[in-house]
Each structure stands twice: as C-alpha cells, then as structure tokens.
Amino acid sequence: MLINCHSYFSLRYGTLSTEDLTNMLAQNEYDVAVLTDINNSSGVFPFVQSCRDKGITPIVGMEYRTGDRLLYIGIAKNEAGFGELNQLVSTANLSKAPLPDFPPSFNNAFVVYPYGSRPINRLRENEYIGVKPSDLPQIVMEPRSNYDRYVILWPVTVKGPKDFVLHQQLRAVDHNTIFSKLTTEMYAKLDDVMPSRAKLINTYQMYPEIIQGTEKLLAQCSFNFDFEIVRNKKFFTGNGHDDRILLERYTMTGLERRYGKKNKEALGRVQKELRIIDDLNFSSYFLITHDIVRYAASRDFQYVGRGSGANSIVAYCLGITDVCPIELDLYFERFLNPKRKTPPDFDVDFSWRDRDEIFEYIFNRYQTKHTALMGAMSTFKDRSVIRELGKVYGLPKEDIDLLIKNPGMAQNYPDVVEKIIEAYEQLADYPNQRTIHACGVLISEDPITNYTALDLPPKGFPTAHIDMHVAEQIHFEKFDILSQRGLGHIKDCIQIIKDNRGEAVDISNPKKLFFDPKIQKELREANTLGCFYIESPAMRQLLTKLRCDTYLVLVAASSVIRPGVASSGMMKAYIERHRDPAITEYLHPIMEQQLKETYGVMVYQEDVIKIGHYFGGLDLADADVLRRMMSGKTRSAKHMAEIRDKYFNHCQQVGHPEDVAKEVWRQMESFAGYSFSKAHSASFAVESFQSLYLKAYYPIEFMVSVVNNYGGFYDRRTYLHEATKAGAIVHVPCVNKSFMQTTLEGIDIYLGFDYMKDLESHTVETLLSVRETQGKFISLEDFVLRTGISIQQVKILIRAGAFSFTGKVKTNLMWEAHWVCPSVERSTPPQLFGTQVTFPKLPVFEYSLVEHLYDEIEILSVPVSGTYFDFLKTDFRGDVMAADLGKYVGKVVRMVGEYVNYKPVKTKQGQIMMFFTFLDVNKNFFDTVHFPDSLANWKFQGAGVYLVEGTVTEEFECYSLTVKRFAKIPIKQNPKNITTNEKELLNLRPRATQQIANDSK
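Counting from 1, residues in each chain are numbered in the order their sequence is written. The predicted origin of the model limits local features to residues at a pLDDT of at least 70 and limits the giving and counting of side-chain atom pairs to 80 or more, whereas totals for whole chains, interfaces and linings rest on all residues. Note that water and hydrogens are dropped before the side-chain values are worked out from all heavy atoms of the structure.

**Digging into the overall build of the protein**
Working step 1: Counting from the N terminus, the helices are DSSP H or I runs at least four residues long and the strands are E runs at least two residues long. Of the regular secondary structure elements, the protein holds 38 helices and 22 strands.
Working step 2: Only C-alpha atoms enter the radius of gyration; for comparison, a globular chain is expected to reach 2.2 Å times N to the power 0.38, where N is the number of residues. In summary, the protein has a C-alpha radius of gyration of 34 Å against a globular reference of 30 Å for 1001 residues, a match within 12%.
Working step 3: When the backbone C-alpha atoms are referred to their principal axes, the protein occupies close to 100 × 85 × 60 Å.
Working step 4: Per-residue accessibility, obtained with a 1.4 Å probe over protein chains only, is compared with the maximum for each type, and a residue is labelled buried under 20%, exposed over 50%, and partly exposed between these values. When burial is assessed residue by residue, the protein has 56% of its 1001 residues classed as buried.

See the structure below:
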C-alpha cells in the first residue's frame, strides 16, 4: 500500500538504506511496497533482493522532481515499465534538459500526480492522483466519482524525528545553504515516516474507494526480475553458432602465430578452453574484447591485456594478452571455470591519451542504447562530512579546520559541534553523489535502460546508475578499459626515437627482450626510473634484494611487493630462499610439489587455487571460489564456511597434521586479498621489460616521453635529473625552439611551454603560429612586433629564459620590453611588422645564477640552469655519497640530499614513521628511515636540500640511513625582491643544521 518509499539513494534526501527500509516494511506488516527514489534507479536491485529475502513483494518506480518540486511518481507494471521510467530520466539527463512537467504516454507504467497538480478530467487511463493524509479534508466535498482516480500517497523518507534532523541537514548540504535558511519547500514533511499497515488503513477508512484503487493499482504490478540471467551482449555475430566458429578461427590463426603448427600441448589447451567458453556461452565476450584490441592495434595504440584474463591461452592467441600461460603454468580456472555463471573481467590498459578514442569506438560499434560506462557512488566520508556539516551550521573555515583536526578542542559552539558529530556518525558511508567507475564499460543485449537510468557526466559518455556490485548481482559483467601513463611513455618514446634518430623501434615481441644482457643489467642494478611498476623506492629495493635480472623473478617481484605477502611475513622468507635456495623448508611435500618455483611461498592468487586443490582437496572451481571470497569479491559467509569445512575435513581425512593445515589456511587468508594473480604480475612484467628496453637503449628519448606524460611515480624534475645523467642538456623553454610539450634535438632537451605558470594558451598559440608562418624570431623587438603579445606575457617569457638566444641579460630584455610593448599595444591594430624601434643606450646589467634559479623555480617549478644544491649557503655536500654507502654499514654518517618523496607508514602502536628518498649531488638516490622518536624532534619542512645524520643499515645488500636528525639547509636569498614562493623556500632551520654540523665535528 506504500507507493512512495525513498531510500538513501534519493541522494541528500532519504535517510534509509534499502535494508533499513525492507526491515521496517516487514515490522509494519506490509506485504508489498514501491521503491520510488528521486530521479534515481541505483537502489532498485538491492531493494528487490532484500524484499524477496523477507517475503515482501517488491515493486519498483521512480519519483520525478525538478529541484524541490515534485512532478509525478512513476510505478512500473513490469520490467518493461521499469525500462520506460529509466528512459524518461535518462533522456532528460543525456540531453541536459529539464524533466517534462507531464510524462510521455507509458505503455507499462502508472503515473501518480500530487493532489492539485493535474485535473482529473485530463488524466490518461494509466494516471492517478495521489492523496496524502493532509489532503483528505479537501476532498470531502468532491463527488465520490473522483475517488476512483485517487490512490493513497503516504511518502516514506525517514525513520523518525531523529532522522528527520539528518534529512534536513542533507537538504542543507544539497542546497549549499545554512540550516537556518532552509524553507519548508526544501525538505519533506515531519510525518513522512512509515506508518503501520493498520494505521494506514485506519487513516483512509472513510474513503474505501481510495484504498481499493490503491490495491487495484498494486495488483497490476510485478517485478519478476531473474537474477540468474546474464545481461551482457549475447552474440557478436548474431548467433551462438557463428560466434563459436569465428572465435575458433581467430584462435587457431593466433595459435599458429604464437606456437607454430606442431605444438600439441598448446593445441590441447586451446581446444579445452574453447569447449568451456562455448559451454558457458562466453564466446561473444572474448570476441568483443578481441574486436576492441584489434581496433586499438589498427590505430597503432599501445595496450596491455592483464589481470586474470592472461590465464587464458585463447586470450593469448587472440592477442588480447602477451603472457604465455603454458610457460608460466597459469590456471585457466583462475579466469573461468564451470561454476562461474557470469563472464570474468578482461582488464585492458591503454595510454591515457588514447582511452577516450577507445570509448568512442565501443559506443559507436555497440550502439549507445546498449552501452554505458559503469557507474559508482561516492559516499560521505571522514573530513568531507564534517566540512559539509560545518558549513551547514555557518562555522568559520578556521573553526571547521579545528573541528576536523581535534573535535574535542572546538568548544566555541558546543551545541553545534554535538550535532555535527552525531550527524557524522549517522552519515558514515551514506551515498552522496553518483559518479563514474574508474574503467568499467557495460555492453548489454537489451537496451541498457531496461536495467538502469543513465547520466551524462563531464566525461561525455552515458553512465549507468548501478555500480559494480549491483552489476555483478544482476549478472552484468563489465569490460575494464583502463588507462595508465606507462603506455604513454612507451608510445611517445617510440615516436621520439623515430623523430630524433630516424630509427623504427619494434617491441611487439617482448620475449626477445627477456634475455637482453643490457636490460638484465639495468634490472639487476635497479636502474628502473620511469619504467612502469618497477620504479618506486620500495620496488627498486626489492629488485636489489632479489638480484633480479630475469622475467620470471620480475613476475614474482610484482606480486611479492603487494602488502598481503609482506604482512604475512612471507616476503622476507621469499627473498631469503631466493638468494639461498638451500635454506628452503617446505611445510608439506605437496607445498614443495606445487610451490617449488617460489620456494614454498604463496606469492600469487593462483597459489591459493593450487594449494586449495592439491592440499585442501577442493576441486579447481571451488578453489577459485575460495580465492574470490578471500579477495573480498564475494560476501557469502555461508558459502565460505562450507568451503572451509571441506578444506579441513579433507585435511583430516588424508592425515595432514592439524597445525600444518591451520598454517596453510592462515597463509592463504593473510594475503589472498592483496596479492596479484600470476597472470596479472606477468602482464605487468612484460610492460616493465618494454619500458626498460627503451630506457636502456634510448635513455634520453625515454625520459622526454616520461616528462611529456607528466611523470610517473616521481615528479618531472626527477626525470630531468635522470636525463642529464644519461648525457642530455636541458634547456629552459625557448621561443624559437620550444613547443607546448618538451622536445628533443640530439641530446638537447627544450622544455615545453606547458611548464610555464601563468602563460596563457593564447600566447602559445600565437607564438607558434607566427613562428611557423613567418620564421624564427631574431630579437625581442622582432618577437613583440610580430606577435603583439602583451607586456605581462612577455615578462613571463623573459624571466623563464625564453629569449636567452639573444645573448642579452634578462634585465636589459625587461627594459626593452617596457620600451617596445606599449608602442605595439597603442597601435590599432597592432601590426608593426617591419617597423624600426630605437632603444636608448642601456648599461649591461648582471644577473646571477641564483636569480636565474629563483626565476625558474617560480615560473617553471624546476631549476634548469643549476640544481637545488646551487642555492645552498654552504659548500658542504656530505661526508658520504650514495654510491659509497656500502662501505659505512653500522657507522653514523652525514649526508646531504635533495628531497624527492616520502611515504608515511603507521606502526602497530598507531604512530607514524616515514620513508624518504633523496638525491645526492651526483644525482644518485639514497633512502632514509625516520622512526617516530626522530620525527618528533626533526620534522619534514617541505621541498629543499637536507642535511641528514643517521646510521647506515644494510638488508640483503640494500643500504639505507636510519635517521637520528635531519634539517633543511639554509639557502641564499634572492637578490631581487623576494616573492611569496621564495619566502616558502626560505622557511629554514639554520640553527638545526648548524647544530648537526657542530655536534659531528
């Protein structure tokens, strides 16, 4: 009888989760109800499932509003009606148009208008008027015949008075207004609380026609959604038979290319996989993915197929992945098994520059009506909640900041603070706004609006209201189309090599790279800066500890680095056993049989499958279910308990020692949710080798490509350091040489105009256009006369050094600019090309290195003419260089390093310790460890050069400094007026650095 229920998916309006809502329906003895969230279908399937679990008949609908104005309520008669309701709001969202005041004519849905908004004589056959309890006094004098078109309208929005305050707070957040300025039109009524069924009937007992009309409407509605049917596009060709034939043809062609004509093992595995794929009707999923990557290849886009899909030899033969599952002994069941009823994800990475074109291809190829980006839901979390609520109560920003840092200290508004903290606790993880999943794409057999309404966010592609969890619930699997900068590095580097050296580089066959001595040397020495996934300080340390120089060891390292393996204590065990296999001890002979490659350590998610199967007696499908559950991808506690019982019962039956069985289970449990699949690690390792090949043979070109893709793990300054180590000469932007992005001529790197703060895009466009059509500039005067660029923009270019080709000092150039620019600006139009300007005779001014460096940091954010070391007041560069740390293990040393980055880590006691990375004056990295007691007295002070004192430690030939003290070194003052940014640089601790220096003498 309730046809207007809101969940908290009525964003910033409702306060009830779908579970809360169905619990209340059951408690109040309702056997049927309609979910009508406001302009939103996100909660439909969780609501339906929850209702069925409780024996309630779910009906679905939607409430349509423009701002705070209720237009009408739609109630689906059936699944087709749900599609009609979704289509209405989707059409408005996709066209950026308001909802119509009156809906179109629905074939499978009812419409209910609020009382007084639509004359009865204008109603269509499927339209009604909703009468709230507050409307009853107004209908008493109407003819009883009107009642036939009336239905009960008792909105449900909140649990009770406490929740009503929360509802008002949400409305204030939504309106971006303070609580006291809310008007009654902005929020629901205080009595929008679920009544008992008896109370509802009693309220309308004088109007039996209305009760009967409501019951009649609901009796015509049902939502018999089948949660077991796969929603993805069924066929690629139009029918299953042709899909099977086409997939087999493509696969066999790829089999010959990958393995030759006589590889019986590969053929056998291909035939097995094709049989399973066909039995589970997944041929179209493989064909669609193949179609996407084939398009990418036709456009010469770099891509990487990764994730569990790399377990499939069919995917390898199709070119979706570059990982051989036979070579790596990968389990197809990790990707697909007969107990899996929905397609698994194919994860395919593209360059961040290319991904939008891939999206365009998918939407055009598979029709917009059947395609959408996966939605997601951002929730109210942590500081953002307090900040939003603080604004609702009109708190000043500084008090909100104080409240966030320490709620106990904000005593100026005790009553308000209490309300904020109470709401904060209630709002934890409430849906806040619809957003986009990072990479998921849905391609459906039927129109996508049969299952979800759509938005059109700034990304520009229709986006579903459902998230990945709901999609999986209704058997609707996504295609993961990801982006990463690493592929941009590779693609751009190949083009830069071609432009700079005239060489064509082919890395399409990564296997030939695995045995390249030069690459192996770079890998062994952890010279991996800029290379995908293997450049972070932690990864470089791991490579050093493992003495890694082969593909298989790198595959292992890609998973060992994950937190699950480390937290289980098995990372250290793996390193020790890899360095000295003789010390390996296996928990059980089966562990030796199955995990010999990794010295008895479960490194990959596949290891859970292998051990669950061979040690725990689970079949491969159940073992994969176990792996998924441990990874948090399935939340059935009952199913987990069943598999756990199977495991331990088998261990007992075959006589495995109880303590061994428990330890094996612990190891599986401890890291399964964090480790990679082996196939995923292998895919990453392939791309790492491709990056490393380019870095080893074309280091300067590679670093330019990294810079132009806006870095990787580090900022662009660090990669320019690396380029200079390889022999490059880095130049500031030049009006005659530079383009928007950084360019390379031989070994000369010219920074792009994109480095320059406050340089307008119009300035760059004009500069480049004039230079291309009329030739290079011969002087500042020539530049100004030909471009007409304003003096403000010219001054930025001068300070950046863009006119250094003139040989004139910046101060002289500034005088010239002030002389010539006003003349150009006064001319209408400013076309003075060819005009001679007479300058007064100027002295030659001086401009020091420090002045240049300050200019460069302010405008380019990076020193180019020198380094941060050139700022220092002292000539001291440390007692020890990074390259020599191995000679000082156990000794206290002083080092001087330019800050690169840091990583905070919380200790078991809840304190913070930090891991820093610095560059010494020779541009070599050294790492430092700062324990809480050190950090308490010697705090990090931002970018700059630091004097660091600590004890040299060594672990597996990897050296670092355990810091006792460190402080920023004082720098030279800017000879010119000091800017705000420069004052930041001068935020120093000279006494602290002097103390370290004096104490060390």
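**Focus on the sheet that holds strand β17 (residues 748-750)**
Working step 1: Being paired, for any two strands, means DSSP has found at least two bridges between them. Taken together, three strands build an open sheet; the order of strands is β15-β17-β16 and the sheet is mixed. Sheet topology places β15 (729-731) and β16 (743-745) at the edges, where each strand pairs with a single neighbour. Along the sheet, successive strands turn relative to each other by an average axial angle of 25 degrees, direction set aside.
Working step 2: Of the pairings in the sheet, the one linking β15 to β17 comprises three bridges and is parallel in character. Along β17, the bridge assignment pairs V730 with I749. Helix axes are fitted to C-alpha atoms over the stretch in contact, other axes to C-alpha atoms as well, and angles between N-to-C directions run from 0 to 180 degrees.

**So, the nonpolar core**
Working step 1: Joining through side-chain atoms within 4.5 Å is the link that ties buried Ala, Val, Leu, Ile, Met, Phe, Trp, Tyr and Cys residues into a set, and such a set is a nonpolar core. Ranked by internal contacts, the top residues of the largest apolar core, which has 100 residues, are Y551, L694, F783, L797 and L860.
Working step 2: By the convention used here, residues are in contact when the closest approach between their heavy atoms is within 4.5 Å. In this view, Y551 contacts V323, E327, L328, F514, A682, A685, V686 and F689; residues no more than four positions away in its chain are not counted.
Working step 3: The next biggest cluster of nonpolar side chains, apart from the first, holds 64 residues, and it includes L21, I448, A453 and F476.

**What to know about the pattern of salt bridges**
Working step 1: When a carboxyl oxygen of Asp or Glu is within 4 Å of a side-chain nitrogen of Lys or Arg, the pair counts as a salt bridge. The final tally for this structure, using the stated rule, is 45 salt bridges.
Working step 2: We note a salt bridge from R306 to D349, for which the minimum N-O separation is 2.7 Å. Of this pair, R306 sits in strand β8 (residues 303-306) while D349 sits in strand β9 (residues 347-351); the two residues are 43 residues apart in sequence, bridging distant segments of the chain.
Working step 3: Residue R306 is classed as buried on the basis of its relative accessible area, which comes to 12%.
Working step 4: What makes D349 buried here is its relative accessible area of 2%.
Working step 5: We note a salt bridge from D884 to K887, for which the minimum N-O separation is 3.8 Å.
Working step 6: A relative accessible area of 30% means that D884 is categorised as partly exposed.
Working step 7: One salt-bridge network, in which partners are shared between bridges, spans R12, D68, R171 and D174.

**Concerning the confidence of the model for the protein**
Keep in mind that low pLDDT regions are not for reading the predicted coordinates in detail.
Working step 1: A score from 0 to 100, pLDDT tells how confident the predictor is in each residue. Across the protein, the average pLDDT comes to 89, with 92% of residues at or above 70.
Working step 2: Throughout residues 979-990 the model reports pLDDT below 50, and contacts reaching past four residues in sequence, or to other chains, amount to 31 contacts.

**Quick notes on unusual backbone geometry**
Working step 1: Even without being glycine, K96 reaches a positive phi, approximately 55 degrees.
Working step 2: Mapped onto the elements, K96 comes out in the loop between α3 (79-95) and β5 (109-114).
Working step 3: Positive phi is not limited to glycine here, since Y599 has a value of about 60 degrees.
Working step 4: Here Y599 lies in the loop between α23 (589-595) and α24 (605-614).
Working step 5: Accessibility expressed as a relative area gives 14% for Y599, which makes it buried.

**Points about helix α13 (residues 382-392)**
Working step 1: By the burial criterion, the buried members of α13 are V385, I386, L389, G390 and V392. The buried residues of α13 occupy an angular sector of 150 degrees when projected down its axis, which confines them to one face.
Working step 2: On its buried face, α13 is in contact with α5 (161-175), α14 (397-405) and α15 (414-427).
Working step 3: A positive backbone phi angle near 70 degrees is found at G394, which sits one or two residues after α13. By definition, the arc is the one covered by directions from the helix axis to the C-beta atoms.

**Let's talk about the sheet that holds strand β20 (residues 925-930)**
Working step 1: The strand order β18-β19-β20-β22-β21 describes a closed barrel built from five strands, whose pairing is mixed. With strand direction ignored, the average angle separating the axes of adjacent strands in the sheet is 50 degrees.
Working step 2: Here ten bridges tie strand β21 (residues 945-955) to strand β22 (residues 958-968), and the two strands are oriented antiparallel to one another. Counted as the bridge partner of G950 is V963 from β22.
Working step 3: Along the sheet, helix α30 (residues 716-725) contacts β18 (892-906), β19 (912-919) and β20; its crossing angle with β18, the most-contacted strand, is approximately 140 degrees.

**Some words on the pairing of strand β11 (residues 431-443)**
Working step 1: Note: strand β10 (residues 371-379) against β11, eight bridges, orientation antiparallel. The residue bridging L373 from the neighbouring strand is V441, located in β11.
Working step 2: Two strands pair when backbone bridges link them, and β11 and strand β14 (residues 479-484) are joined in this way by two bridges, in the antiparallel orientation. Across the sheet, V441 pairs through a bridge with F479, a residue of β14.

**Section: the packing of helix α28 (residues 678-697) against helix α29 (residues 699-708)**
Working step 1: The contact between α28 and α29 brings their axes to 5 Å, and the two run at 125 degrees. Relative to α29, the element α28 lies oblique. Along its contact with α28, which presents S691, L694, K695, A696 and Y697, the element α29 presents P699, F702 and M703.
Working step 2: Side-chain classes are defined by residue name, with Ala, Val, Leu, Ile, Met, Phe, Trp, Tyr, Cys and Pro counting as nonpolar, Asp, Glu, Lys and Arg as charged, and the others, Gly among them, as polar. Classifying every residue of the contact of α28 with α29 gives six nonpolar, one polar and one charged. Orientation labels follow simple angle bins: below 35 degrees gives roughly parallel, above 145 gives roughly antiparallel, 65 to 115 gives roughly perpendicular, and whatever is left gives oblique.

**Observations concerning the packing of aromatic side chains**
Working step 1: The pairing test for Phe, Tyr and Trp rings, Trp by its six-membered ring, is centres within 6.5 Å, and the orientation test on the planes gives stacked under 30 degrees, edge-to-face over 60, and tilted for anything in between. Taken as a whole and judged by the stated rule, the model has 62 aromatic pairs.
Working step 2: With centroids separated by 5.0 Å and ring planes inclined at 50 degrees, the aromatic side chains of Y647 and W665 adopt a geometry described as tilted. Remark: W665 occurs in helix α27 (residues 658-671) and Y647 occurs in helix α26 (residues 637-654); sequence separation between them is 18 residues.
Working step 3: By definition here, charges over rings are those cases where NZ of Lys or CZ of Arg is within 6 Å of the ring centre and within 35 degrees of the ring normal. Over the ring of Y697 we find K518, and its NZ or CZ is 4.7 Å from the ring centre.

**A short note on the pairing of β9**
Working step 1: Across the five residues of β9, five count as buried, placing the element largely inside the fold.
Working step 2: In terms of strand pairing, β9 meets β14 through five bridges, oriented parallel. Across the sheet, residue S351 finds its bridge partner in β14, namely Q484.

**Here's the deal with the packing of α29 against α30**
Packed helices, taken two at a time, are described by the angle their axes make and the gap between the axes.
Working step 1: Where α29 meets α30, the closest approach of the two axes is 9 Å, and the angle between their N-to-C directions is 170 degrees. Taken together, the axes of α29 and α30 lie roughly antiparallel to each other. In contact with I700, M703, V706 and V707 of α29, α30 contributes R716, Y719, L720, E722 and A723.
Working step 2: Residue composition of the contact of α29 with α30, by class: seven nonpolar, no polar and two charged.

**A look at helix α1 (residues 18-27)**
Working step 1: Every buried residue belonging to α1 is among T18, L21, T22, M24 and L25, and all of these are buried. Each buried residue of α1 lies within a common arc of 160 degrees when the element is viewed along its axis, so the set occupies one face.
Working step 2: Along its buried surface, α1 packs onto β1 (2-5), β2 (32-35) and α2 (44-53).
Working step 3: One or two steps after α1, the chain reaches E29, where phi turns positive at roughly 65 degrees.

**Considerations on the environment of L246**
Working step 1: Here L246 is to be found in helix α8 (residues 240-259).
Working step 2: Take L246: its relative accessible area is 13%, and that puts it in the buried class.
Working step 3: Taking the C-alpha atoms as reference points, L246 and L287, 41 residues apart in sequence, are found 8.2 Å from one another.
Working step 4: Discounting chain neighbours no more than four positions away, the residues touching L246 are F236, T237 and L287.

**A few points about the side chain of R12**
Working step 1: Secondary-structure assignment places R12 in the loop between β1 and α1.
Working step 2: What R12 contacts, discounting residues up to four positions off in sequence, is L170, R171, V173, D174, F380, N432 and Q433.

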